[in-house]
Amino acid sequence: MLPYGRQSIDAGDVEAVVAALGSDWLTTGPRVARFEADIETVTGAPAVTVTNGTTALHAAYAAAGIGSGDEVVTTPMTFVATASTAAMLGARVVFADVEDETANIDPAAVETLVTERTRAVTAVDYAGHPAEYDALRKITERAGAVLIGDAAHAIGSTYHGRPVGTLADLTTFSFFPTKNLTTAEGGAVASTRPDLLERARTFRSVGMVKGAGKLRRPDEGGWFYEVHEFGLNYRLPDVLCALGSSQLRRLAAFKARRGHLTARYDELLADVPGLRLPTQRAGVDPMRHLYPVRVLDGRRREVYERMHAAGIGVQVNYIPVYWHPVFEDLGYRRGMCPVAETFYAEELSLPLFPDLSDSDQDRVVGTLRGILGS
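Residues numbered from 1 in each chain as written. Predicted model: local features only at pLDDT ≥ 70, side-chain atom pairs only at ≥ 80, totals over all residues. Heavy atoms only, no water.

Caption draft 1: Representation of the overall build of the protein chain. Scanning the protein chain from terminus to terminus reveals 13 helices and 15 strands. Over its C-alpha trace the protein chain gives a radius of gyration of 21 Å, about what one expects of a compact globule, namely 21 Å for 374 residues. Put simply, the protein chain has 374 residues, and 55% of those count as buried. A sequence separation of at least 24 residues applies to 70% of the contacts in the protein chain between residues at least 6 apart. If you sum the accessible surface of the protein chain, you get close to 15400 Å²; carbon and sulfur atoms cover 54% of it. (Helix = DSSP H or I, 4+ residues; strand = E, 2+ residues; numbered from the N terminus. Rg over C-alpha atoms; globule rule 2.2 N^0.38 Å. Buried < 20%, exposed > 50% of the residue type's maximum accessible area, 1.4 Å probe, protein only. Contact = heavy atoms within 4.5 Å. Areas by Shrake-Rupley, 256 points an atom, 1.4 Å probe, with all protein chains shown as cover.)

Caption draft 2: Geometry of the pattern of salt bridges. Under the defined criterion, the tally for this structure stands at 29 salt bridges. Between Arg199 and Glu229 there is a salt bridge whose closest N-O contact spans 3.0 Å. In this pair, Arg199 sits in helix H7 (residues 194-203) while Glu229 sits in the loop between strand E11 (226-227) and helix H8 (238-248), placing the two residues 30 residues apart along the sequence. For Lys255, the salt bridge identified is with Asp285, shortest N-O distance 3.0 Å. (Salt bridge = Lys/Arg side-chain N within 4 Å of Asp/Glu carboxyl O.)

Caption draft 3: Quick peek at the packing of aromatic side chains. This structure, assessed with the given rule, holds 11 aromatic pairs. Considering the side-chain rings of Tyr126 and Tyr318, the 6.3 Å spacing of their centres and the 80° angle between planes classify their relative orientation as edge-to-face. Here Tyr126 is found in the loop between strand E4 (118-124) and helix H6 (133-143), whereas its partner Tyr318 is found in the loop between helix H10 (300-309) and helix H11 (325-328), with 192 residues between them in sequence. Among the aromatic residues, ring-to-ring pairing joins Phe95, Tyr322, Phe327 and Tyr332 into one connected group. Residue placement shows Arg300 over the ring face of Tyr344; its charged tip is 4.9 Å from the ring centre. (Phe/Tyr/Trp six-rings, centres within 6.5 Å; stacked < 30°, edge-to-face > 60°. Lys NZ or Arg CZ within 6 Å of the ring centre and 35° of its normal.)

Caption draft 4: Inspection of helix H1 (residues 11-21) at higher detail. Listing the buried residues of H1 in full gives Asp13, Ala16 and Ala20. Summarising the axial view, the buried residues of H1 lie within an arc of 65°, below the 170-degree limit, and thus occupy one face. Among the exposed residues of H1, those oriented more than 90 degrees off its buried face are Ala11, Glu15, Val18 and Leu21. Where the residues of H1 are buried, they touch helix H2 (30-43) and H8. Between a side-chain oxygen at the N-terminus of H1 and the backbone nitrogen of Gly12 the separation is 3.1 Å; the capping residue is Asp10. (Arc of directions from axis to C-beta. Polar contact = N/O pair within 3.5 Å; in protein donor to acceptor, adjacent residues only side chain to side chain.)

Here you go:
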């Protein structure tokens, strides 16, 4: 089965991990700080590493002070964690519809949903294409809310010359194997606001604080620490950070390869009837995580099943979040975001990863063309 996404591991990655295993540090050591500094060079903002993309979101919402009675406006066209981690902190999640062109959250829809209880607006850079952060920033500033970017798909992308990581108050990343780089499991929170970054750092370390100026009782001894607010152990180990730093050195090559494959799909599928290809807006330089086509005329399920039968692992990204029973049981109903639901009914992600060969891509294209009668 040809997968829709796959990690790319080379000898340098293996050497980095082996070196970490032979060092004095397996958990929180010097490679954590090194990887966080490496992330900053790409994202343009200081970063805190965490155990995965879901815990990155949880830490970001905790850093923003999200709690009971707050509202968080976000998109339904995402993995459930973008919403569930806010709900777990007691917030009411409000779903805004998406843009038909990009499947990113629609700023016009967000503006109609913001209330005095809105504490955060969370955008998702769907498929690696950054959301309209300038428009969202104006909305959150008027509302006194925090702007959060779920950039699980988008490390390496830029928006009007600015790297993803500098566009929101808090930006989260995922380093799952299918993402743009991997630490096996892993994630990060980046922020240009030192106060929010420090809150995220403390939260991911069980809420522990040490050091002069932070302790209520500073004279207890060198061993002493305090917990002022509850946190969780979301620390990414040194071994996985070693892999992350090695992967980041290849990020430009990953982006170039993904761009090459995207351009080939654009060219090879341009004339296929019943198929709508993804678009790219002016001023955006995306790190394409997905290649999401739209299969028209109600044939998406047929195409999905026939592609799988042919050994090609296409995927659907994503089920609208509020369709999940956990949200249905809270009173959310289908039909809330019609653009997102139409997109879901048609979306199919074709294989896209750096080690995908041109010949395997030709096989994907040929099979899809054959199914759609082109």
